[in-house]
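Residue-level structural notes
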Amino acid sequence: MTAQIIDGKALAQTIRAEVAGRTAALKARGIQPHLSIIMVGDDPASAVYTKHKVNDSTETGLSAKLERYPADMPEADLLTRIEALNADASVHGILVQLPLPKHMDSQKVIETISPAKDVDGFHVASAGALMVGRPGFWPCTPHGCMKMLESIGYDLRGKHAVVIGRSNIVGKPMAMMLLAKDATVTVCHSRTRDLKAFTLDADVIVAAVGKRNVLTADMVKPGAVVIDVGMNQNDEGKLCGDVDFAGVKEVAGWITPVPGGVGPMTRAMLLVNTLEAAERAGNPAH
Ligand code: NAP
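Definitions and cut-offs
- Residues numbered from 1 in each chain as written.
- Predicted model: local features only at pLDDT ≥ 70, side-chain atom pairs only at ≥ 80, totals over all residues.
- Heavy atoms only, no water.
- 1 Å grid on protein atoms, 1.4 Å probe; cavity = no way out; pocket = protein on both sides within 12 Å on 5 of 7 lines; lining within 4 Å.
- Points joined across faces, edges and corners; volume = space filled by probe spheres on them.
- Helix = DSSP H or I, 4+ residues; strand = E, 2+ residues; numbered from the N terminus.
- Nonpolar A, V, L, I, M, F, W, Y, C, P; charged D, E, K, R; others polar.
- Expected span 1.5 Å × (residues − 1).
- Buried < 20%, exposed > 50% of the residue type's maximum accessible area, 1.4 Å probe, protein only.
- Arc of directions from axis to C-beta.
- Contact = heavy atoms within 4.5 Å.
- Polar contact = N/O pair within 3.5 Å; in protein donor to acceptor, adjacent residues only side chain to side chain.
- Pairing = 2+ DSSP bridges.
- Salt bridge = Lys/Arg side-chain N within 4 Å of Asp/Glu carboxyl O.

1. Some details on the layout of surface pockets
- Within this model, the largest pocket holds a volume of roughly 1300 Å³.
- Lining the largest pocket are 45 residues, with Tyr49, Thr141, Met231, Gly263 and Thr266 sitting closest to its centre.
- Sort the elements by how many residues they give to the lining of the largest pocket and helix α10 (residues 262-282) lands first, with seven residues.
- Its residues placed into classes, the lining of the largest pocket shows 24 nonpolar, 13 polar and eight charged.
- What the second largest pocket holds in volume is close to 390 Å³.
- Looking at the second largest pocket, it is lined by 18 residues, and the ones nearest its centre are Phe122, Ala127, Asn168, Ile169 and Pro173.
- Sorting the residues of the lining of the second largest pocket by element identifies α4 (106-112), α5 (124-132) and α7 (171-180) as the ones contributing at least two each.
- Take the lining of the second largest pocket: its biggest share by element is six residues, from α5.
- Across the lining of the second largest pocket, the residue classes tally to eleven nonpolar, six polar and one charged.

In structure tokens, the structure reads:
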């Protein structure tokens, strides 16, 4: 079997076009969706990511502003700035780029963002809303993975989904989203004994570890759907995922590539969350 590719880049493009259309409709009502991005310090990867976020936003008609602060910014000043953005009705989404400098308590900073503007979906209120099935912002990466499953018309009811990784931003919310769609979910992590025993039984595998070749062909049931969240470098210094793509694609039914899979979807879902924040603000009854 050779797996069908789930083209995250193409799907993200479709989603961005939808966002552009809904944004135009909001603008016609006098609402300009706006994302405020805060970056503290000068981490090179964060600089690239925040630049993408601004460009992605402006390309779809959202407005976005990046505020950069020095690495020695006092935490109290950052909290004050976030509170000002919370109070600013023209700002619909607030995103604090992680990681923050070591002297800052990231969770405390995230908790300062109003849940109504928490477009990264990292606030405990957002995590809690996802947990109990209430409206709230879903973290962009697992949300993008769900959209990919939806795009192939995959019915998760009663299927065994194995999530490898249990981080607060990917693994745990991914498990909650799959559970909400009636999958039977197993969450594996670094202390899992015999990972292969779980993955071999899985109809859907989401690998979110950050290590190359965590999932190889001998660990995958024929026809399974494999979603690769990982971002690693191969020996040539090129971006690769957690999955041995060449091997696994000969066994799986569907597979996401890296690059061109989950990455573009994560970027697209931030736009969706920002747009929805603006739509909700413009329509408080909903
Ligand atoms: P993380 O916080 O480091 O979590 C990694 C998880 O993998 C942990 O739960 C860890 O277990 C588990 N793990 C480590 N080694 C393992 C092993 N050998 N077998 C099974 N599980 C193992 O990372 P993250 O933030 O969730 O991100 C995961 C990966 O996704 C990274 O490569 C990251 O760059 C990538 N990512 C990509 C996107 C995108 O847009 N494409 C977005 C976010 C993240 P313990 O909990 O026991 O330590």
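The discussion continues.
2. Considering helix α1 (residues 8-28)
- Across its 21 residues, α1 extends 30 Å between first and last C-alpha, which sits within 8% of the 30 Å expected from 1.5 Å per residue.
- Within α1, the full set of buried residues consists of Gly8, Leu11, Ala12, Ile15, Arg16, Val19, Thr23 and Leu26. All buried residues of α1 project into a common sector of 135 degrees when viewed along the axis, lining one side.
- On its buried face, α1 sits against α2 (44-59), α6 (140-151) and α10.
- Structurally, the start of α1 carries an N-cap: the backbone nitrogen of Lys9 is 3.1 Å from a side-chain oxygen of Asp7.
- Looking one or two residues beyond α1, the residue adopting positive phi is Gly30, at roughly 85 degrees.

3. What about the sheet that holds strand β5 (residues 160-164)?
- Reading across from one edge, β1-β11-β8-β7-β5-β6 is the order of the six strands in this open sheet, with parallel pairing throughout. The open sheet has two edge strands with one neighbour each: β1 (4-5) and β6 (184-188).
- In the sheet, strand β7 (residues 204-207) pairs with strand β8 (residues 225-228) via four bridges, with the strands oriented parallel. By the bridge assignment, Val204 is partnered in β8 with Val225.

4. Overview of the pairing of strand β4 (residues 93-96)
- The alternating pattern of β4 places Gly93 and Leu95 on one face and Ile94 and Val96 on the opposite face, and all of these are buried.
- Relative to β4, strand β2 (residues 34-40) is paired through four bridges, and the arrangement is parallel. Bridge pairing in β4 links Leu35 to Gly93.

5. Let's talk about the pattern of salt bridges
- This model, assessed by the stated rule, comprises 14 salt bridges.
- Taking the shortest distance from any N to any O, the salt bridge between Arg16 and Asp56 comes out at 3.6 Å. Placement of Arg16 in helix α1 and of Asp56 in helix α2 is noted, with a sequence separation of 40 residues between them. For the pair Arg16 and Asp56, a shared accessibility class is recorded, and that class is buried.
- Within this structure, Arg16, Asp56, Glu59 and Arg267 form a network of salt bridges that share partners.

6. Some remarks on unusual backbone geometry
- Geometrically, the link from Leu98 to Pro99 is a cis peptide bond, its omega value of 5 degrees lying close to zero.
- Mapped onto the elements of the fold, Pro99 is located in the loop between β4 and α4.
- With omega at 0 degrees, the peptide bond leading from Val258 into Pro259 counts as cis.
- Take Pro259: it is sitting in the loop between β11 (254-255) and α10.
- For Asn213, which is not glycine, the phi torsion reads 55 degrees and is therefore positive.

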